[in-house]
Amino acid sequence: FFSIINHGISESILQNFDEAMRQFFALPEEVKLGLARTNDNSRGYSNNEFTKQTRDIKEIFDYGHTLREDLAPNANENRVLDGFNQLPREDDLPGFATVIKEYYKA
């Protein structure tokens with residue numbers, strides 16, 4: 001592990017991101033699996049990682065850049081080499097998308 005200092009990201013953005021991620025991983029498994037990464041899209045949720053052919057006990061949420069914020073994440077214009085962003089529905093996790101986007105832009 002490592003820690004980056006003097007990065008310029010405000011403490012409030014970091015705290016909001018930390019809380020949002022804790023809320024995400026506390027969601028019911030079926031909600032998270034609805035955002036599962038696939039062979040065609042490496043962004044989203046995974047609980048199925050392996051190291052040296054042994055399953056890791058961890059969960060992952062991958063998020064990346066979006067070319068066109070004015071379009072849906074899965075719009076053709078937002079599909080890049082590693083896929084497109086998948087986010088929980090607003091009624092499943094209110095405010096999550098806003099917090100994640102704010103953190104990513106920071």
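So, how was this worked out
Residues numbered from 1 in each chain as written. Predicted model: local features only at pLDDT ≥ 70, side-chain atom pairs only at ≥ 80, totals over all residues. Heavy atoms only, no water. Helix = DSSP H or I, 4+ residues; strand = E, 2+ residues; numbered from the N terminus. Contact = heavy atoms within 4.5 Å. Buried < 20%, exposed > 50% of the residue type's maximum accessible area, 1.4 Å probe, protein only.

### Focus on the environment of Val99
(1) Moving on: Residue placement: Val99 occurs in helix α3 (residues 96–105).
(2) Moving on: It is 24 Å that separates the C-alpha atoms of Val99 and Leu81, two residues lying 18 residues apart in sequence.
(3) Moving on: Those residues in contact with Val99 that sit more than four places away from it in its chain are Asn16, Phe17 and Ala20.

### Section: the side chain of Asn41
(1) Moving on: If you trace the backbone, Asn41 turns up in the loop between α2 (29–33) and β1 (44–46).
(2) Moving on: Classification of Asn41 by relative accessible area gives buried; the value is 4%.
(3) Moving on: With near-sequence residues (within four places) excluded, Asn41 lies in contact with Asp82, Gly83, Phe84 and Gln86.

### Topic: unusual backbone geometry
Outside of glycine, negative phi angles account for most residues, and trans bonds account for most peptide bonds.
(1) Moving on: Even without a glycine there, the phi angle at Asn6 is positive, about 55°.
(2) Moving on: When you line up the elements, Asn6 lands in the segment before α1 (11–25).
(3) Moving on: Judged by relative accessible area, Asn6 falls into the exposed class, the value being 77%.
(4) Moving on: Positive phi outside glycine occurs at Gln53, with the angle close to 65°.
(5) Moving on: You can see Gln53 is positioned in the loop between β2 (50–51) and β3 (54–55).
(6) Moving on: What makes Gln53 exposed here is its relative accessible area of 78%.

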